[in-house]
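Listed here are the chains, written in short residue letters.
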Amino acid sequence: NDREGEGLFTLSVETAASCIHEKEVDVARSSMIFLKTVIDLKGSLSQDTTGSESNVTRARLIVPVMDSAIQRVREDVFMCLITGACGVFPREVLDPAASVLFSLLRILSAEDAEALSAAALNQKQFLLGQEAQLVVLTVLGRCSKGTVAPSVLMDCFADLWQMHQGDDAGAIAGGDVIMDFARKYGA
């Protein structure tokens, strides 16, 4: 039954989204890789109109299902990924987290990407102040436009995570570390 298959697919995406903040690194990483694959496949299928007629027909059938599943989790995933980069995730999952966020930014409208980015950076876990928020917003905007490689977001996540590791993360705001951060990312 097609409806049952759609439901199982959506449940799989929702389950993966709920597992990205698991403390078990392998579970979190696998969930992130699954979500990135779904997002990338949706983007690829949405743009491919040159394939065989049967592949184009299949894509027309599955893309709305994929889009619906992604829409259901995108806000929570976005918020969780930014929170995770603010020192919550284990270091080992930062690169997959940045990869998922990069892929998600690439399929969102510019308005949605900007709104979600601003909301995510206004969470209480982000302790580095307004100047650092502007730097991260700039990086996320560049990712959304495709003007930087995913590795830039991976580096940014690593830097964010490192700055949030100390007990005095809030004291970093406005200091030399943030100025260096701004210079590094050209903001």
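What you see is a predicted model; the values in this text were computed from it and never measured.

1. Focus on the overall build of the protein
Phase 1 of the analysis: For the protein, the count of helices and strands is nine helices and zero strands.
Phase 2 of the analysis: In the protein, the succession of helices and strands from N to C terminus is α-α-α-α-α-α-α-α-α.
Phase 3 of the analysis: A compact globule built from 187 residues should have a C-alpha radius of gyration of about 16 Å, and the protein, at 17 Å, falls within 12% of that.
Phase 4 of the analysis: Principal-axis analysis of the C-alpha atoms gives the protein an extent of 55 × 35 × 25 Å.
Phase 5 of the analysis: Buried positions account for 42% of the 187 residues belonging to the protein.
Phase 6 of the analysis: Considering only contacts in the protein between residues 6 or more positions apart, those separated by 24 or more positions represent 71%.
Phase 7 of the analysis: Surface summary for the protein: the accessible area is close to 9800 Å², and the carbon and sulfur share equals 52%.
Phase 8 of the analysis: Computing the positive centroid from 16 side-chain charges and the negative centroid from 25, the protein places the two 4 Å apart.

2. Observations concerning helix α4 (residues 94-107)
Phase 1 of the analysis: Here α4 spans 20 Å end to end across 14 residues, near enough to the 20 Å set by a 1.5 Å rise per residue.
Phase 2 of the analysis: Here α4 lies mainly inside the structure; eleven of its 14 residues are buried.
Phase 3 of the analysis: Residues of α4 that are buried: Leu94, Pro96, Ala97, Ala98, Ser99, Val100, Leu101, Phe102, Ser103, Leu104 and Leu105.
Phase 4 of the analysis: Residues of α4 that are buried sit in contact with α2 (25-47), α3 (53-88), α5 (110-121), α6 (129-145) and α7 (150-163).

3. Side note on the packing of helix α1 (residues 2-19) against α2
Phase 1 of the analysis: α2 packs onto α1 with a crossing angle of 135 degrees between their chain directions and a minimal axis gap of 8 Å. Our classification of the angle between α1 and α2 gives oblique. By crossing handedness, the relation of α1 to α2 is classed as left-handed. Where α1 abuts α2, its residues Phe9, Ser12, Val13, Ala16, Ala17 and Cys19 lie against Val27, Ala28, Ser31, Phe34, Leu35 and Val38.
Phase 2 of the analysis: Grouping the constituent residues of the contact of α1 with α2 by class yields ten nonpolar, two polar and no charged.

4. Some thoughts on the nonpolar core
Phase 1 of the analysis: Counting 57 residues, the largest nonpolar core has Val77, Phe78, Leu101, Leu153 and Phe181 as its most contacted members.
Phase 2 of the analysis: A total of twelve residues in this core trace back to one element, the largest contributor, which is α3.
Phase 3 of the analysis: Once residues within four sequence positions are removed from consideration, phenylalanine 78 is found in contact with Leu101, Leu104, Leu105, Leu108, Ala113, Leu116, Ser117 and Ala120.

Rules used throughout
Residues numbered from 1 in each chain as written. Predicted model: local features only at pLDDT ≥ 70, side-chain atom pairs only at ≥ 80, totals over all residues. Heavy atoms only, no water. Helix = DSSP H or I, 4+ residues; strand = E, 2+ residues; numbered from the N terminus. Rg over C-alpha atoms; globule rule 2.2 N^0.38 Å. Buried < 20%, exposed > 50% of the residue type's maximum accessible area, 1.4 Å probe, protein only. Contact = heavy atoms within 4.5 Å. Areas by Shrake-Rupley, 256 points an atom, 1.4 Å probe, with all protein chains shown as cover. Lys, Arg positive; Asp, Glu negative; His and termini not counted. Charge placed at Lys NZ, Arg CZ, Asp CG, Glu CD. Expected span 1.5 Å × (residues − 1). Axes fitted to C-alpha atoms, helices over the stretch in contact; angles between N-to-C directions. Parallel < 35°, antiparallel > 145°, perpendicular 65-115°, else oblique. Left-handed = near helix turned anticlockwise from the far one by under 90°. Nonpolar A, V, L, I, M, F, W, Y, C, P; charged D, E, K, R; others polar. Core = buried A, V, L, I, M, F, W, Y, C linked by side-chain atoms within 4.5 Å.

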